[in-house]
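# Structural overview
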Amino acid sequence: MNERLLLGRSIETGSWVHKLDARSKLTGMLLYVAVILLSDSWPSMALLAAFSIAVMASTRIPLKYFIKAAKPLRYLMLFIFIVQLLSVKAGDVLWSAGSFSLHEGGLRLAAFSVIRMLFLITFTALLTFTTTPGKLNQGLEGILSPFKKLGLSPDRITLMISIALRFIPTILDEAQIIMKAQASRGADLQELPLKEKARMLVSLLVPVISSAFRRAQDLVYSMEARGFRMDAPRSRYHRLRWGAADTVFVAMFVIMGVAVALL
Amino acid sequence: MSEAYQNVEDAEEVQAVIKLEGVSFGYDPEHPILHNISLSIPRGQWVSIVGPNGCGKSTLVKLMNALLPKSGGEITICGHQLGEETIGAIRQCIGMVFQNPDNQFIGATVEEDILFGLEGLCLSYAEMEERLRAYTVKLGIEDLLSKHPGELSGGQKQRVAIASILAMKPGIVIFDEASSMLDEASRDELLRILQGMRAEGQYTILMITHDADEILASDRVLALHGGGLAADTTPQKLFRNIELLEKCHLLEPYPWRLARELQSRGIRVDVPASEKELIDTLWPYN
C-alpha cells in the first residue's frame, strides 16, 4: 500500500471497532482529543499510551500501519519538539552555554507535545482505518444534524470532505507527474538550492491548480449527469445503528478522561 | 429503464427519444460553437458522433443533458422539452460516461460510486441492493466493490463508470470519448459491452469516437464540422466518402485500407472488407 495514501484508507479486518457506528467513533475521537489535552503528567501519558495501544490492537490492524500513518509528519513533530525545547525556560537548567540554556520544563513540554501529536495522528488513523469514507461522512452528517437549525448544511460539509479526501491521492499523483516532467526538462526540484526551489514551486503549483480546476469541472459534470442536486432528498444504503457496543466504546473514553484528570 | 424512456414508443412508428430543432450554443453570439443543429434519434439506435477536435461534439451531448445551457432552439428528450423544470426528468433518461475515468469517480470506493446515483434516485434499500448486485455482475466488477479508484486499471474504472450509469436505468447512454484513454484490450472490452447493450435492445447509445471499429459497429453516424452537422449517414457510407473522412480527421478501418492496397497491386478483393473476408480472399494465395 502506498505510504502517503495510508491516512484516509480503510483496512477491513471485521473487528469490533470496525462494526461500531461511525457516530460513536467520532464522539470517542472528540473525547480522546480532550483527554490528550488534559494529560500533563508522565503517569497520565503512560495510561493514555496503554489505553491507545490496547484499542489499536483490538482493531486487529498491525501496529506498524499506525506508525506508518504518523511517519509523514515526523519532521513537523521534530520541529515542534525543538521549538518547545528552546522556547520554554521553566524548571531546572539541564545544560547551558553562555546565554543559551535548556530547561527541564522545556524538555518535558516538548516531549509531551510530540507524544500528544503522535497519539492524535495514530488515533485519527484508527478512525479512518476502521471506517469507510462513506460511513464516516454519514456519521459526521449525523453528529452535525442538530446544527441544521442554525443554518448549517451537514450534507454540504460532508460532501466537501468526501470529495477532498477522494481527490487528495489523485492530485498528489498529478503533482508527481508534473515534477517528473519538469525534471526531465532539466528543472529537478530535488537538486536545486532552497531559494530556487521556492521559485520553482510556483511553476509546479500553477499547472497542479489549473488541473485541479479542470478535474473539479469534470466531476461536477459527472455528478450532475447522475442527477445530483444540492439539498435534494437522498436515500441511504448504509444505515447508522447505535448499539450497546457503541455506548461501551464512548464510555471507555469518558472513564479514561476521569482517570487522567485524577492522576 | 426510466418510465419516460419506455413510454416513447408508438404502435404506428418509432418515436424519437432525442429531438433537436435548430439548436445553437455559444458564449459569443457572433461566433457560435454550434449553430442550427436539427436531428432526431429513434429509440434503440446506436449513433456515432464524429468530427475533428473542437468541432462541438462534447458540447452537443452536454446540451442534451442540460450540463450546458443552449443558446437557441428546442431540445426534447423522451418527450420532455428541455427547461428548468424538466432537467431532473431528462437526467433520469440520459446517462453519461466521460473520457477521463479518474475524474468521474465520485465515491471513495467502487460500491460508494455506484450507490451515489442510486441514493440520489431515493430508491429503497432492497432496490439498491438488487441493482448493485445485478450491474456489478453484468460488468464483471463484483469482486472490486471495496476497491479505491487508485487500485483500479483504466478499463476497470471505465467499467465502474458504466455500471454506475446503467444501474440508474437511463435508457439513453452517451459515451463521450469513453475509450480514448484506454489501452487496446480495455477498448475491445468496452466495445463488447456496447455490443452486449445493443443485443439487449433496450438502450439508445450515443458515442463520440474517433475509432473506426467503434464507428463501424454503430447503426448511424453524425459528422460534425465547424459547429454544424456535416453529414447524417451510415458508417459504410462515411468510410466510402474520402472527402468527409478528411473533414472529420478519420482514417478508414484497417481492413479497408489493406484491401485498397491489395487492389492497387492487382489482387482481387472487395472493399469494404471485414477482417474475415480479407483472410478468406487471401487464403488461396497461401
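Residues numbered from 1 in each chain as written. Chains lettered and ligands numbered in written order. Predicted model: local features only at pLDDT ≥ 70, side-chain atom pairs only at ≥ 80, totals over all residues. Heavy atoms only, no water.

## Here we look at the overall build of chain A
Worth spelling out the cut-off: Helical segments are the DSSP runs of H or I of at least four residues, strand segments are the runs of E of at least two, and each set is numbered from the N terminus. Only protein chains enter the accessibility calculation, which uses a 1.4 Å probe. A residue is then buried if its area is under 20% of the maximum for its type, exposed if over 50%, and partly exposed in between.
Each helix and strand in chain A was counted, giving 10 helices and 2 strands. What you see in chain A, going N to C, is helices and strands ordered as α-α-α-α-α-β-β-α-α-α-α-α. With the C-alpha coordinates aligned to their principal axes, the bounding extent of chain A is approximately 65 × 60 × 40 Å. Residue burial in chain A is summarised as follows: out of 263 residues, 38% are buried.

## Structural notes on the overall build of chain B
Note the following rule: The contact rule is simple, with two residues in contact once any of their heavy atoms fall within 4.5 Å. Each accessible area is a Shrake-Rupley estimate made with a 1.4 Å probe; only the visible protein chains count as cover when residues are assessed. As used throughout, the charge tally considers Lys and Arg to be positive and Asp and Glu to be negative, leaving His and the chain termini uncounted. Every charge is mapped to an atom, namely NZ of Lys, CZ of Arg, CG of Asp or CD of Glu.
On a plain count of helices and strands, chain B comes out with 12 helices and 10 strands. If you line up chain B on its principal axes, its C-alpha atoms span 65 × 50 × 40 Å. When contacts within chain B are restricted to residue pairs at least 6 apart in sequence, those whose partners lie at least 24 apart make up 62%. Of the accessible surface of chain B, which amounts to about 12800 Å², a share of 46% is contributed by carbon and sulfur atoms. Charged side chains in chain B number 25 positive and 42 negative. The centres of these two groups are separated by 5 Å.

## A closer look at the UniProt feature "transmembrane region" (unreviewed entry) in chain A
All names here are of chain A. Just so we agree on the cut-off: UniProt positions are given in the numbering used here, feature names are shortened, and annotations may be inferred rather than shown by experiment.
Here, UniProt's "transmembrane region" (unreviewed entry) annotation points to residues 75-97, 109-129 and 240-262. The distance separating the terminal C-alpha atoms of residues 75-97 is 26 Å; by composition the span is 57% helix and 22% strand. Here residues 109-129 is 100% helix and 0% strand, with 30 Å between the C-alpha atoms at its ends.

## Some details on a nonpolar patch on the surface
Residue and element names in this part refer to chain A. The line we're drawing: Each patch is assembled from residues with relative accessible area greater than 30% and no salt bridge, linking like charges that lie within 9 Å and nonpolar side chains (Val, Leu, Ile, Met, Phe, Trp, Tyr) that lie within 5 Å. Note on definitions: salt bridges are taken to be side-chain nitrogens of Lys or Arg within 4 Å of carboxyl oxygens of Asp or Glu.
A cluster of nonpolar residues, Tyr75, Leu78, Ile82, Leu86, Leu94, Trp95, Phe100 and Leu107, forms a patch on the protein surface that exposes about 800 Å² of accessible area. Counting residues per element, the ones that place at least two in the nonpolar patch are helix H5 (74-87) and strand E1 (93-97). Of the residues forming the nonpolar patch, the biggest block, 4 residues, is contributed by H5. Residue classification places Phe100 among the partly exposed residues on the basis of a relative accessible area of 37%.

## Points about the interface of chain A and chain B
As a reminder, the rule being used: Accessible area that two parts lose when put together, with a 1.4 Å probe and added across both, is what the buried area reports. Residue classes follow a fixed rule: Ala, Val, Leu, Ile, Met, Phe, Trp, Tyr, Cys and Pro count as nonpolar, while Asp, Glu, Lys and Arg count as charged, and any other residue, Gly among them, counts as polar.
The partner chain B presents 37 residues to the 24 residues of chain A that form the contact. Buried surface at the junction of chain A and chain B, both sides included, amounts to about 2900 Å², of which 56% is carbon and sulfur. Counting the surface chain A buries against chain B, the share from its top three residues, Arg166, Arg226 and Tyr237 of chain A, is 33%. Glu119 of chain B is the salt-bridge partner of Arg234 of chain A, the closest N and O atoms lying 3.8 Å from each other. Broken down by secondary-structure element, the contributors of at least two residues to the side of chain A that touches chain B are helix H7 (133-144), helix H8 (154-184) and helix H9 (194-225) of chain A. Among the elements that line the side of chain A that touches chain B, the one with the most residues is H9 of chain A, at 8 residues. Looking at side-chain class alone, the side of chain A that touches chain B contains 9 nonpolar, 7 polar and 8 charged residues.

## Quick look at the nonpolar core
All names here are of chain B. The condition that has to hold: Take the buried residues of types Ala, Val, Leu, Ile, Met, Phe, Trp, Tyr and Cys, join any two whose side-chain atoms come within 4.5 Å, and each joined set is a nonpolar core.
One finds Ile18, Ile77, Ile172, Phe175 and Leu206 to be the most contacted residues of the largest nonpolar core, which totals 77 residues. The dominant element in this core, judged by the number of residues it contributes, is helix H6 (residues 154-166), at 6 residues. Discounting chain neighbours no more than four positions away, the residues touching Phe175 are Val97, Ile162, Leu190, Leu194, Met197, Ile205, Leu206, Met207 and Ile208.

## Some remarks on the sheet that holds strand E1 (residues 16-25) of chain B
Across a sheet, paired strands are connected by hydrogen bonds in the backbone, their directions being either parallel or antiparallel. Residue and element names in this part refer to chain B. Threshold: Strands were regarded as paired on the criterion that DSSP finds at least two bridges between them. Each axis is a line fitted through C-alpha atoms, and for a helix only the stretch in contact is used; angles between axes span 0 to 180 degrees, taken between their N-to-C directions.
The strand order across the open sheet formed by 4 strands is E2-E1-E4-E5, and the pairing between neighbours is antiparallel. Each having just a single partner strand, strand E2 (34-42) and strand E5 (80-81) make up the two edges of the open sheet. Across the face of the sheet, helix H2 (residues 57-64) comes into contact with E1, E2 and strand E4 (72-77) while running at roughly 120 degrees to E1.

## Here we look at the environment of Phe51 of chain A
Residue and element names in this part refer to chain A. Within the secondary structure layout, Phe51 lies in helix H3 (residues 42-58). Spatially, the C-alpha atoms of Phe51 and Phe253 are 9.4 Å apart, while their sequence positions differ by 202 residues. Beyond its immediate sequence surroundings of up to four residues, Phe51 is in contact with Tyr32, Met252, Phe253 and Met256.

## Quick notes on the UniProt feature "domain: ABC transporter" (unreviewed entry) in chain B
As annotated by UniProt and renumbered to match this structure, "domain: ABC transporter" (unreviewed entry) occupies residues 18-251 of chain B. With 38% helix and 24% strand, residues 18-251 of chain B has end C-alpha atoms that lie 28 Å from one another.

## Focus on helix H4 (residues 63-70) of chain A
Note on helix geometry: an α-helix contains 3.6 residues per turn, so any two residues three or four positions apart are oriented the same way. Residue and element names in this part refer to chain A. Applied cut-off: Comment: arc refers to directions from the helix axis out to C-beta atoms.
The set of residues buried in H4 consists of Phe66, Ala69 and Ala70. Mapping the buried residues of H4 onto a view down its axis gives an arc of 100 degrees, with all of them on the same face. The outward face of H4, more than 90 degrees from its buried face, is lined by the exposed residues Lys64 and Ile67. On the buried face of H4, the contacting elements are H3, H5 and helix H6 (104-130).

## Observations concerning the packing of aromatic side chains
All names here are of chain A. What counts, and what does not: Side-chain rings of Phe, Tyr and Trp (the six-membered ring for Trp) are treated as a pair once their centres are within 6.5 Å; stacked means planes under 30 degrees apart, edge-to-face means over 60, and tilted covers the remaining angles. A positively charged side chain is recorded as over a ring if its NZ (Lys) or CZ (Arg) lies within 6 Å of the ring centre. The angle to the ring normal must also be within 35 degrees.
Considering all chains together, one arrives at 13 aromatic pairs over all chains under this definition. Between Trp42 and Phe112 the ring centres are 4.8 Å apart and the planes differ by 75 degrees, which places this aromatic pair in the edge-to-face class. Of this pair, Trp42 sits in helix H3 while Phe112 sits in helix H6, placing them 70 residues apart in sequence. For Trp42, a relative accessible area of 46% puts it in the partly exposed group. These aromatic residues form a ring-pair network of at least three members: Trp16, Tyr32, Phe51, Phe123, Phe249 and Phe253. Geometry around Phe100 places Lys89 over its ring, the cationic atom sitting 6.0 Å from the centre.

## A short note on the environment of Ala251 of chain A
As for its placement among the helices and strands, Ala251 of chain A is situated in helix H10 (residues 244-262). The spacing of Ala251 of chain A and Gly98 of chain A is 153 residues in sequence and 52 Å in space, taken between C-alpha atoms.

## As for a negative patch on the surface
Together, Asp183, Glu184, Asp188, Asp213 and Glu275 of chain B line one region of the surface with negative charge. Structurally, the position occupied by Glu275 of chain B is in helix H12 (residues 275-282).

## A few points about the domain arrangement of chain A
To be explicit about the condition: Domains are outlined according to an automatic or database domain assignment.
Here the domain parsing of chain A yields domain 1 (16-131 + 242-262) and domain 2 (152-226). The gap between the C-alpha centroids of domain 1 of chain A and domain 2 of chain A is 31 Å.

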